[in-house]
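Close look at the chain arrangement
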Amino acid sequence: MQAALGHAADLLKENPALATERALQILEAYPDSAAATHILATAYRLQGEAAEAVRAIKPLADLQPESPHVLYELATCLAAAGQGSEAISRLRSLLRIDPAHAAAWRALGDQLGVAGDEQGSAQAYEMHLQLSTPHPELIEAADSLRTGNLANAERIARDVLKKDPVDTVAIRMLAAIGIKLGHFDDAINLLERCLELAPGFHLARQNYAVALSRRRRIEEALEQVEILLEQEPDNPNYLLLKGSFLVGKGDSQSALELYEQFLEKYPLQAGALMNYGHVLKTVGRVEESVLAYRRSLDLRPATGEAYWSLANLKTFRFTDSDIDQMRAQVLDRGGDPDDQAHLLFALGKALEDRGQFDESFEYYSRGNSIRSKHHRHNARINVFNTARQIKTLDANFFRSRPDHGCPAPDPIFIVGLPRAGSTLVEQILASHSQVEGTAELPDIIAISRQLGAKSRKNPASLYPEILTQLTADRCRALGESYLASTSIHRHGRPFFIDKMPNNFQHIGLIHLILPNARIIDARRHPMACCFSCYKQLFARGQTFTYDLTHLGLYYRDYVKLMDHWDAVLPGRVHRVQYERMVEDTEAEIRRLLDYCGLAFEESCLRFFETERAIRTPSAEQVRQPVYREGLEHWRHYEKHLEPLKTALGPVLERYPV
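Counting restarts for each chain, with residues numbered from 1 along the sequence as it is written. Totals for whole chains, interfaces and linings use every residue, but because this is a predicted model, local features are given only for residues with pLDDT of at least 70 and side-chain atom pairs only at 80 or more, for both listing and counting. As a rule here, side-chain values cover all heavy atoms of the structure and leave hydrogens and water aside.

**Some thoughts on the overall build of the protein**
Formally: Helix and strand definitions follow DSSP, with helices as H or I runs of at least four residues and strands as E runs of at least two, each counted in order from the N terminus. All radius of gyration figures rest on C-alpha atoms, and the globule criterion is 2.2 Å times the number of residues raised to 0.38. Remark: exposure states derive from per-residue accessible area (1.4 Å probe, protein chains only) relative to the maximum for the residue type, with buried under 20%, exposed over 50%, and partly exposed in between. Any pair of residues with heavy atoms lying within 4.5 Å of one another is described as a contacting pair. Surface accessibility in these figures is a Shrake-Rupley result with a 1.4 Å probe; residues are shielded only by whichever protein chains are displayed. Only four residue types enter the tally: Lys and Arg on the positive side, Asp and Glu on the negative side; His and the chain ends are excluded. Here the site of a charge means atom NZ of a Lys, CZ of an Arg, CG of an Asp or CD of a Glu.
Along the backbone of the protein there are 35 helices and five strands. On C-alpha atoms alone, the protein measures out to a radius of gyration of 28 Å, which is about the 26 Å that the 2.2 N^0.38 rule sets for 657 residues. Reported as C-alpha extents along the three principal axes, the dimensions of the protein are approximately 85 × 60 × 50 Å. Taking all 657 residues of the protein together, 54% fall into the buried category. Within the protein, contacts between residues separated by at least 24 positions form 67% of all contacts whose residues are at least 6 apart in sequence. Here the protein has roughly 28900 Å² of accessible surface; of this, 50% comes from carbon and sulfur atoms. Each charge class in the protein was averaged separately, 76 positive and 86 negative side chains, and the resulting centres sit 6 Å apart.

**With respect to the sheet that holds strand β3 (residues 495-498)**
In plain terms, the rule: The criterion for strand pairing is that DSSP finds at least two bridges linking the strands in question. Fitted lines through C-alpha atoms give the axes, limited to the stretch in contact for helices. The angle between two N-to-C directions lies from 0 to 180 degrees.
With parallel pairing, five strands are arranged side by side in an open sheet as β2-β3-β1-β4-β5. Each edge of the open sheet is held by one strand with a lone partner, namely β2 (435-439) and β5 (573-577). This sheet shows a mean twist of 25° between the axes of neighbouring strands, independent of strand direction. The strands touched by helix α27 (residues 472-486) within the sheet are β1 (411-416) and β3, with β3 carrying the most contacts at an inclination of about 90°. Here helix α30 (residues 548-568) sits on the sheet in contact with β1, β4 (518-523) and β5, set at roughly 145° to β4.

**Details of the packing of helix α1 (residues 2-14) against helix α3 (residues 34-46)**
Keep this limit in mind: Each angle receives one of four descriptions, namely roughly parallel if under 35 degrees, roughly antiparallel if over 145, roughly perpendicular if within 65 to 115, and oblique otherwise. Whether a crossing is left-handed or right-handed is set by the direction in which the near helix is turned from the far one by less than a right angle, anticlockwise for left-handed and clockwise for right-handed. Polarity classes work like this: nonpolar for Ala, Val, Leu, Ile, Met, Phe, Trp, Tyr, Cys and Pro, charged for Asp, Glu, Lys and Arg, and polar for all others, with Gly in that last group.
The contact between α1 and α3 brings their axes to 10 Å, and the two run at 15°. Of the possible angle classes, the one that applies to α1 and α3 is roughly parallel. For the pair α1 and α3, the sense of crossing is left-handed. Contact residues: Leu5, Ala8, Ala9 and Leu12 in α1; Ala35, Ala36, Ile39, Thr42, Ala43 and Leu46 in α3. Among the residues forming the contact of α1 with α3, the class breakdown is nine nonpolar, one polar and no charged.

**Topic: the pairing of β2**
For β2, the tally of buried residues reaches four of five residues, placing the bulk of the element in the interior. Where β2 and β3 come together, three bridges link them in parallel fashion. Each residue of the ladder has a partner; that of Glu436, found in β3, is Phe496.

**Structural notes on the side chain of Gln536**
Applicable threshold: Between N or O atoms, a polar contact is any pair within 3.5 Å; within protein, one atom must be a potential hydrogen donor and the other a potential acceptor, and residues adjacent in sequence are included only when both atoms are from side chains.
Note on placement: Gln536 falls in the loop between α29 (526-534) and α30. With a relative accessible area of 2%, Gln536 lands in the buried category. Engagement of the side chain of Gln536 in a polar contact is seen with the side chain of Asn312, the distance being 3.0 Å.

**Notes on the pairing of β1**
Most of β1 is tucked away: six of the six residues are buried. Residue alternation in β1 divides its side chains into two sets, Pro411, Phe413 and Val415 and Ile412, Ile414 and Gly416, and both sets are buried. Here three bridges tie β1 to β3, and the two strands are oriented parallel to one another. Counterpart to Pro411 in the pairing with β3 is Phe496.

**Points about the environment of Lys373**
Residue placement: Lys373 occurs in helix α22 (residues 357-374). Separated by 29 residues in sequence, Lys373 and Pro402 have C-alpha atoms that sit 45 Å apart.

**Structural notes on helix α26 (residues 443-452)**
With seven of its 10 residues buried, α26 lies for the most part within the structure. The inward-facing, buried residues of α26 contact β1, α27, β3 and α28 (507-513). Looking one or two places after α26, you find Ala453, whose phi comes out positive at around 55°.

**Thoughts on the environment of Asp443**
By the secondary structure assignment, Asp443 is in helix α26. On a C-alpha basis, the gap between Asp443 and Thr486 in space is 7.3 Å, while along the polypeptide they are 43 residues apart.

**Re the packing of aromatic side chains**
Put simply, the rule reads: In this scheme Phe, Tyr and Trp rings, the latter by its six-membered ring, pair at centre separations within 6.5 Å, and the angle between planes marks the pair as stacked below 30 degrees, edge-to-face above 60, and tilted otherwise. For a Lys NZ or an Arg CZ to count as sitting over a ring, it must be within 6 Å of the ring centre and within 35 degrees of the ring normal.
On inspection of all chains with the given rule, the structure shows 17 aromatic pairs. For the pair Phe397 and Phe398, a centre-to-centre distance of 5.0 Å together with 90° between the ring planes defines the contact as edge-to-face. The two residues Phe397 and Phe398 agree in class, both being buried. Taking the centre distance of 5.4 Å and the plane angle of 80° together, the rings of Tyr555 and Tyr558 count as edge-to-face. Of the two residues, Tyr555 and Tyr558 both sit in helix α30, three residues apart, roughly one turn of that helix. Among the aromatic residues, those joined into a cluster by ring pairs are Phe357, Phe361, Phe531, Tyr534 and Tyr637. Here the basic side chain of Arg518 rests over the ring of Tyr595, its NZ or CZ set 5.9 Å away from the ring centre. Stacked on the ring of Phe600, the Lys or Arg Arg590 has its end atom at 3.7 Å from the ring centre.

**Let's talk about the nonpolar core**
One broad trend across soluble globular proteins is that nonpolar side chains are buried collectively. This is how the line gets drawn: To define a nonpolar core, start from buried Ala, Val, Leu, Ile, Met, Phe, Trp, Tyr and Cys residues and group those joined through side-chain atoms within 4.5 Å.
If you look at the biggest cluster of nonpolar residues, it comprises 114 residues, and the most contacted ones within it are Phe318, Leu429, Ile520 and Tyr555. The element that contributes the greatest number of residues to this core is α30, accounting for 10 residues. Those residues in contact with Tyr555, other than ones at most four positions away along the chain, are Leu417, Arg523, Arg524, His525, Pro526, Cys529, Cys530, Leu648, Val651 and Tyr655. Judged by nonpolar contacts, the second largest core, of 62 residues, contains Ile156, Ala187, Leu241 and Phe245.

**Some details on helix α20 (residues 320-329)**
Worth spelling out the cut-off: The directions from the helix axis to the C-beta atoms form the arc being described.
Those residues of α20 that sit buried are Asp322, Ile323, Met326 and Gln329. Projected onto a plane normal to the axis of α20, the buried residues spread over an arc of 130° and lie on a single side. Those residues of α20 that are buried lie in contact with α18 (286-299), α19 (304-311) and α21 (337-353).

**As for unusual backbone geometry**
The omega torsion across Tyr463 and Pro464 is 10°, close enough to zero to call that bond cis. In this fold, Pro464 is placed in the loop between α26 and α27. Cis geometry is adopted by the peptide bond preceding Pro656, which originates at Tyr655 and carries an omega value of 20°. Non-glycine residue Arg216 carries a positive phi angle of around 65°. Note on placement: Arg216 falls in the loop between α13 (202-214) and α14 (218-231). For Arg216, a relative accessible area of 23% puts it in the partly exposed group. At Lys314, a residue that is not glycine, the phi angle is positive and equals roughly 70°. Summarising the element assignment, Lys314 is placed in the loop between α19 and α20.

Here you go:
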């Protein structure tokens, strides 16, 4: 009997189907075997048969209501079956019996998170940590990490590691700090060490997957999530993480299927509904995305991001009731800064649509003020970096390197400022049979950071000066590396688009490693472009957009650098003026296709009929024909924009050049 049970238990990890057979055989001979019943329920759960698992374990839990072992398995099976409330109830019962059950605290944290109880979830996770570490001071470090006091969290974690160099909790905490600070390579190294010491440390593996995804190693990140899901197939956190990676990979269809299956089990998960809405918007199912955002708001009315997501559809219009609800949630001071900023930007858009421009600007201004406090921008650093590019990458630099880089002509880069018409240019080109539309790819920026070799010990970047030291072979290798890392977004067409606007800062690098790539500068009237940026709440980056003066200075730096590229690489960059595209669309499209070496196709004129996933704020606008309404819209706000005009200075007068 004991040998048979041991064999069945051993099979759970490698072959749960066979474990099911063995458990059933034991139960046929010994119907009252609690151990065999427990194995059977676990085996069903690991095969995704959650309902069968609950049916198997529940009678045993009724017989042994004080058994933490049985209660934990029942709660896990209930969670897998989507019965979150019942799972939470059973976990609380378990923890009343055994308050030191660390795994139960972690499971409770997962389920409370799914239920939207973020505070309760955080407290449960802290209890799990407290019971899992021999160093109680790490509890304070975890609290500091959660509240944003990263310096204190790092100090405590490093002190623990001085005493105990293989403490995996402290190693993971340092890695989590690295992720928050954007030091992803350091975090990856720490987490690889952590998982060598503790392969079953699921939270570390979860962090590892996140760090890999931030480094655009999406396939590797997905592999790590699959490892987690093999152990816990219905863990809601792992499923949502997988969904976000599928979105990052550009696999919108798989992401949709995952969210739909998830929401069948967890229909009350507001965050999942919002993510589902984002993907629906990306694929053009706008009415359904509105319903998803609405359902998210029904569950969590104070979620500013859901209101902004509706506003960010651009074609959506808020009701009087919506506006009243948003006004009621806006605070004069305090509150969660992210929620408040999202609400303020959404109110700005709602009132703009109603022609109440002065009050609209007031809300935009308040939202930008919050963002600028929490997302700092230093205009002087941008001036300095622009000057470094111009000084280092002069005409002699390029003349002396005529044969560097990978000769592949595949990429078409679209650069410029956000909100300058780049999504329109992308949609036109992606309507061509030879061109693949992708997304705003971070790969060139990642290469520049890799070359810059910034670290905590050496905070000064070596880029762009390091480019003077690259050999022809190294340049070719970097070009090939770029093509390899972006291949995840391609599906067989000869050419593909990289629409990262900020790549205008790296045109020298692009030319050096991919000399045959096409580069398109999407440019729009400075006032229209900058104000459109000002009223757009970006998910991350673009910190210069939260202040009118910073916006004007940034636009000046952009023009100055583009003037430099035009001078040292004449004819290399093709410029698309947004206003000209609106005035004479066909002529501008023909010029664009000629530059890209592409034959004219009628589908490019009917770009608004092209069905493809679009992940930028202009998604709905480019699914309709070109329209003139936005050209002078900024003039409604002109009296508020003097700081922008002053900062733009001569650049404003010389446009469209």
